[in-house]
Amino acid sequence: MNAPREWRDLQWLLCSPPLLSNTELLAQDIRRPETDLTPNREVQAWLADLRAAPQPLLDFIAQHRSAVKHLRLGRYAERLLEFYLRCGPAHRLAAANMALRHAPGAAANDHTTLGEIDFLLHDAQGVPWHWELAVKYFLCHASDPVAQPEDFIGPDAAETLRSKLSKLERQLSHTPSAPWDATPWQRAAFSRGWMFYRWGADVPYCKALHPQHLRGWWLPLHELAALPHTRYALVGRAAWMSAFDPAQDTALALGDAAQLREHLERFWAAPAAPGRTAAGAQMVVGLNEAGGGLLEAARYFVTPPGSVQDA
């Protein structure tokens, strides 16, 4: 039996390589744990048991999806990690999504939140941690062999790796509210995601990124004919985490490169729908035949004509 997407996304979140390096956040004295849980046999055994009986995970995610019409990718990832911290081995959750507010009378708008702490937890050794979760996808536009964080731009061009790092530093600098304010929390960015590099170009080095971070490619719409001759699926954000499975997951479009271009041209011309940004780059996965079915073989972002990334 194939595992449901929720389980596959949780397994990806726990076991895929970190996105960020161990050095980029040291200016703020922020320590990072080793958040690649793959070698942890206890976690792997727990995941195997959960795959055989995934209903508790499915119910937990369904409960949160019922609260909002569309559970955004970031919030969905938070709920997956929260489920692990509540139910899995090796870590114990203390608090999740702790809203930080002005003290009464400290500001004119004291109802306004200062921010939010994603997770407070203890590891297997009892060490207290403050984790901020970041699941991100950026397109690299560097023209030099060494890339800077500002060279990595989000699919909708609204965020860069530089701005995300700055936001993480601010988030990790927050002090939890009582009764957690006296605990010496170690601070960490739990980062996952993919970086996409220009199709046909060399991959530059960036010290902000983990050496084993996941990699894909990006290219403008008019270069689609350069892709390998195979089948492709245009996928929404709900399929951006674990590998796309055509047997279970719904594609926005499916076909060869020529058909894909036609789909994308219509896609950008149509009004925006939930789960996508009409003007932004769109994710495409290349599919290869294996074992009588189709499996994801590569990931791409395709950028629309006239966009800031159409170069």
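Residues numbered from 1 in each chain as written. Predicted model: local features only at pLDDT ≥ 70, side-chain atom pairs only at ≥ 80, totals over all residues. Heavy atoms only, no water.

**Things to note about the overall build of the protein**
Looking only at helices and strands, the protein features six helices and ten strands. Going through the 311 residues of the protein one by one, you find that 48% of them count as buried. Within the protein, contacts between residues at least 6 apart in sequence are counted, and of these 65% link residues at least 24 apart. Taken as a whole, the protein presents about 14,900 Å² of accessible surface, with 52% of it coming from carbon and sulfur. (Helix = DSSP H or I, 4+ residues; strand = E, 2+ residues; numbered from the N terminus. Buried < 20%, exposed > 50% of the residue type's maximum accessible area, 1.4 Å probe, protein only. Contact = heavy atoms within 4.5 Å. Areas by Shrake-Rupley, 256 points an atom, 1.4 Å probe, with all protein chains shown as cover.)

**Some points on the nonpolar core**
Generally speaking, a soluble globular protein has its nonpolar side chains buried in company with each other. Of all hydrophobic cores here, the largest spans 49 residues; its most connected members are L10, L81 and Y137. Considering each element in turn, this core owes the most residues, eight residues, to helix α4 (residues 73-87). In contact with L10, not counting residues within four places along its chain, are W46, L47, L50, L57, L80, F83 and Y84. Formed by 17 residues, the second largest nonpolar core is a distinct cluster that contains L161, L168, L172 and L209. (Core = buried A, V, L, I, M, F, W, Y, C linked by side-chain atoms within 4.5 Å.)

**Points about the pattern of salt bridges**
One pass over the structure, following the stated rule, counts 14 salt bridges. Among the ionic pairs, E82 bridges to R86, the shortest N-O distance being 2.7 Å. Of this pair, E82 and R86 are both found in helix α4, four residues apart, which corresponds to roughly one turn of the helix. Among the ionic pairs, E296 bridges to R299, the shortest N-O distance being 2.6 Å. By relative accessible area, R299 is classed as buried at 2%. Residues participating in the shared-partner salt-bridge network are R75, E78, R79, E82, R86 and E116. (Salt bridge = Lys/Arg side-chain N within 4 Å of Asp/Glu carboxyl O.)

**What to know about the environment of A238**
Within the element layout of this structure, A238 appears in the loop between β7 (231-235) and β8 (253-255). With residues near it in sequence (within four places) discarded, A238 still touches R5 and D9.

**As for the environment of N97**
Tracing the sequence through the fold places N97 in strand β1 (residues 91-101). Distance from N97 to E78, taken between C-alpha atoms, is 8.7 Å for residues 19 residues apart in sequence. When near neighbours in sequence (up to four residues on either side) are disregarded, N97 contacts R75, E78, R79, E82, E116, I117 and D118. One polar contact links N97 to R79, side chain to side chain, over a distance of 2.3 Å. Among the polar contacts made by the side chain of N97, one reaches the side chain of E116 at a distance of 3.0 Å. (Polar contact = N/O pair within 3.5 Å; in protein donor to acceptor, adjacent residues only side chain to side chain.)

**Considering α4**
The first and last C-alpha atoms of α4 sit 21 Å apart over 15 residues, in line with the 21 Å expected at 1.5 Å per residue. Along α4, eleven of the 15 residues are buried, which leaves the element largely enclosed by surrounding structure. (Expected span 1.5 Å × (residues − 1).)

**Structural notes on the state of the cysteines**
Here the structure, examined in full by the defined rule, presents zero disulfides. Unpaired in terms of disulfides, C206 finds its nearest cysteine sulfur in C140, a separation of 7.6 Å. Judged by its relative accessible area of 5%, C206 falls in the buried class. (Disulfide = S-S within 2.5 Å.)

**Focus on the environment of M283**
Considering the arrangement of structural elements, one finds M283 in strand β9 (residues 282-290). When the C-alpha atoms of M283 and R237 are compared, they prove to be 8.2 Å apart, with 46 residues separating the residues in sequence. Look past the residues within four positions of M283 in its chain and what remains in contact with it is Y137, F196, A233, L234, V235, W240, R299, Y300 and F301.

**Considerations on unusual backbone geometry**
Residue P179 is reached from A178 by a cis peptide bond, and omega for that bond is 5°. Counting through the fold element by element, P179 comes out in the loop between α5 (161-172) and β5 (186-198). Residue N97 is not a glycine yet carries a positive backbone phi of 50°. Using a relative accessible area of 22% as the deciding quantity, one classes N97 as partly exposed. In this structure, A157 is a non-glycine residue whose phi angle is positive, near 65°. Relative to the helices and strands, A157 is located in the loop between β4 (152-153) and α5. For A157, a relative accessible area of 40% corresponds to the partly exposed category.

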